[in-house]
Amino acid sequence: MSKYTILIILTAPIIAAGLLRSVVSLKLQHSVPARAYFRIGLWVAALLVIIFAQPLYETLAQNGLTASDDLSIFDVAQIAMILLVFLIAMRAFNKSETAELENRRLHQEMSIILSKQRK
Amino acid sequence: MTKRETVIVIPAYNEAPVIAKVLEDIKKTFADTADVIVVDDASTDDTGEIARAQGARVIRHILNGGMGAGLPTSTGLRAAEIEGYKYVITMDADGQHLAADAKSTLLYLKKHGMDMVIGSRLLDATGMSATKQLGNWGLTSITYLLFGVRVTDSQSGLRALSRRALTRIKLRSAGYEFCSEMLWRAKQAHLKIAEAPIQAIYTDYSRGKGQNNWNGFTIVRSLIKRRLLEIMYE
């Protein structure tokens, strides 16, 4: 199996998940359409880069734009892991911020209710 | 107490030396046409008691947010939304704003059918130091670059809002960057934004209480982070 096929196999599920999440948030109106389209565009661009990694890399190499060897298995695994870590970090940040926001709202609502009782 | 259609929201933290004067000015200018909510961000002095004695409704935070006026302003806006007020004015508690300017900002909002009117200190910057002007200009430019909202004073705490703005603007920030975020949310909600000139009164007290210029860097960092991250998630 070629290294480029392995790259696609490793990253396609991550990209598919990100893409699906963006489409779902658009359909459920959980995010502003412009932002959802932007995210879909980013994921599609990432997918295209992965799919066309071989011709892209070869074109760059032919034109002397790379001074490196072919991608090693380590490079392939590293790219996949970077994408995965990025996705995990985004999800973690999103969850922690949502929790912080809820905590803050709870504090605000409690302060308002308590002030009413004190009137 | 009869509820009016306008409420003035004042975020306050340890403002005991000046809060009474600010509330007296409001009382004199607005007579009985506006209610006042002072959001006490868990002050360690008598801010809340003094405000209550002046007839204001006081909402006291259980914990201090520790990040400036963002959280208490947001609490005040939420209370105004719950109470069904038609118009809201936000103003600082340190005596930097005149009640007369608050009134003229509100009148501008009503007259021109706006959703948000910002009291701009930079339309006539008399009395503002060159450093403060430069800092405000920098933050206003960054607000424009990041969010596409063109105003002259993105950091002004004196703002008048319609009920439409009140119900549509949902802030995520609790820190100093909330002023810029409010403009961004207003733009996202397609609200009509305008500016009206106001005077900024700088006393030794307000200079001492005001934002440190270095906070500008914290604001910029927070704004860039928020802008980039919100591209990626809801």
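Residues numbered from 1 in each chain as written. Chains lettered and ligands numbered in written order. Predicted model: local features only at pLDDT ≥ 70, side-chain atom pairs only at ≥ 80, totals over all residues. Heavy atoms only, no water.

## Some thoughts on the overall build of chain A
Line of reasoning, step 1. Assigned secondary structure in chain A consists of 4 helices and 0 strands.
Line of reasoning, step 2. When its helices and strands are written in sequence order, chain A yields α-α-α-α.
Line of reasoning, step 3. Its C-alpha atoms give chain A a radius of gyration of 22 Å, more than 25% over the compact-globule value 14 Å for 119 residues.
Line of reasoning, step 4. Projected onto the principal axes, the alpha-carbon positions of chain A cover approximately 80 × 30 × 25 Å.
Line of reasoning, step 5. Looking at chain A alone, contacts between residues at least 24 apart form 61% of all its contacts between residues at least 6 apart.
Line of reasoning, step 6. Looking at chain A as shown, the accessible area adds up to about 7,800 Å², and 69% of this sits on carbon and sulfur atoms.
Line of reasoning, step 7. In chain A, the 12 positive side-chain charges and the 8 negative ones have mean positions that sit 19 Å from each other. (Helix = DSSP H or I, 4+ residues; strand = E, 2+ residues; numbered from the N terminus. Rg over C-alpha atoms; globule rule 2.2 N^0.38 Å. Contact = heavy atoms within 4.5 Å. Areas by Shrake-Rupley, 256 points an atom, 1.4 Å probe, with all protein chains shown as cover. Lys, Arg positive; Asp, Glu negative; His and termini not counted. Charge placed at Lys NZ, Arg CZ, Asp CG, Glu CD.)

## A few points about empty space enclosed by the protein
Residue and element names in this part refer to chain B.
Line of reasoning, step 1. On inspection of all chains with the given rule, the structure shows 1 cavity of 30 Å³ or more.
Line of reasoning, step 2. Here the largest cavity is characterised by a volume of approximately 60 Å³.
Line of reasoning, step 3. Taken together, P11, A69, T73, T90, M91, D92, S156, G157, R159, F178, C179 and M182 make up the lining of the largest cavity.
Line of reasoning, step 4. By residue number, the principal contributor to the lining of the largest cavity is helix α7 (residues 178-188), which donates 3 residues.
Line of reasoning, step 5. Class assignment for the residues of the lining of the largest cavity results in 6 nonpolar, 4 polar and 2 charged. (1 Å grid on protein atoms, 1.4 Å probe; cavity = no way out; pocket = protein on both sides within 12 Å on 5 of 7 lines; lining within 4 Å. Points joined across faces, edges and corners; volume = space filled by probe spheres on them. Nonpolar A, V, L, I, M, F, W, Y, C, P; charged D, E, K, R; others polar.)

## A few points about the packing of helix α1 (residues 16-30) of chain B against helix α4 (residues 99-112) of chain B
Residues and elements named next belong to chain B.
Line of reasoning, step 1. At a closest axis distance of 8 Å, the pairing of α1 and α4 adopts a crossing angle of 45°. When the axis of α1 is compared with that of α4, the two are oblique. As α1 packs across α4, the resulting crossing turns out to be right-handed. Only A99, A100, A102, K103 and L106 of α4 make contact with α1, whose side of the interface consists of D25, I26, T29 and F30.
Line of reasoning, step 2. Tallied by class, the residues present in the contact of α1 with α4 amount to 6 nonpolar, 1 polar and 2 charged. (Axes fitted to C-alpha atoms, helices over the stretch in contact; angles between N-to-C directions. Parallel < 35°, antiparallel > 145°, perpendicular 65-115°, else oblique. Left-handed = near helix turned anticlockwise from the far one by under 90°.)

## What to know about the sheet that holds strand β4 (residues 87-90) of chain B
Backbone hydrogen bonds are what pair the strands of a sheet, in a parallel or an antiparallel way.
Residues and elements named next belong to chain B.
Line of reasoning, step 1. One open sheet holds the 7 strands; their spatial order is β3-β2-β1-β4-β6-β5-β7, and the pairing between them is mixed. The open sheet is flanked by β3 (57-60) and β7 (193-197), the only strands paired with a single partner. Each strand of the sheet is rotated relative to its neighbour by a mean of 20°, with strand direction disregarded.
Line of reasoning, step 2. As paired elements, strand β2 (residues 34-40) and β3 share 4 bridges and run parallel to each other. Bridged to I37 within β3 is R57.
Line of reasoning, step 3. Contacting β1 (6-12), β2, β3 and β4, helix α3 (residues 70-83) crosses the sheet at an angle of about 155° to β1. (Pairing = 2+ DSSP bridges.)

## A closer look at the confidence of the model for chain B
Line of reasoning, step 1. In this model, chain B carries an average pLDDT of 90, and 94% of its residues clear a pLDDT of 70 or more.
Line of reasoning, step 2. Two numbers describe this predicted complex: its pTM, 0.77, and its ipTM, 0.81. (pLDDT = per-residue confidence, 0-100.)

## Brief notes about the interface of chain B and chain A
Line of reasoning, step 1. Facing 29 residues of chain B, the contacting portion of chain A comprises 28 residues.
Line of reasoning, step 2. Buried surface at the junction of chain B and chain A, both sides included, amounts to about 2,700 Å², of which 56% is carbon and sulfur.
Line of reasoning, step 3. In this structure, R226 of chain B engages E97 of chain A in a salt bridge whose closest nitrogen and oxygen atoms are separated by 2.4 Å.
Line of reasoning, step 4. Secondary structure elements with two or more residues in the side of chain B that touches chain A: β3, α3, α7 and α9 (215-232) of chain B.
Line of reasoning, step 5. Looking at the side of chain B that touches chain A element by element, the count peaks at 7 residues for α3 of chain B. (Buried area = accessible area lost by both parts, 1.4 Å probe. Salt bridge = Lys/Arg side-chain N within 4 Å of Asp/Glu carboxyl O.)

## Some points on the pattern of salt bridges
Opposite charge on two side chains makes pairing possible when the charged atoms of those side chains draw close.
Line of reasoning, step 1. All told, the structure shown has 16 salt bridges over all chains when counted by the stated rule.
Line of reasoning, step 2. For K116 of chain A, the salt bridge identified is with E83 of chain B, shortest N-O distance 3.7 Å. Taken as a pair, K116 of chain A in helix α4 (residues 73-118) and E83 of chain B in helix α3 lie in two separate chains rather than in one.
Line of reasoning, step 3. Residue K116 of chain A is classed as partly exposed on the basis of its relative accessible area of 37%.
Line of reasoning, step 4. Each of the salt bridges in this network shares a partner with another, and the network as a whole consists of E109 of chain A together with R78, E81 and K170 of chain B. (Buried < 20%, exposed > 50% of the residue type's maximum accessible area, 1.4 Å probe, protein only.)

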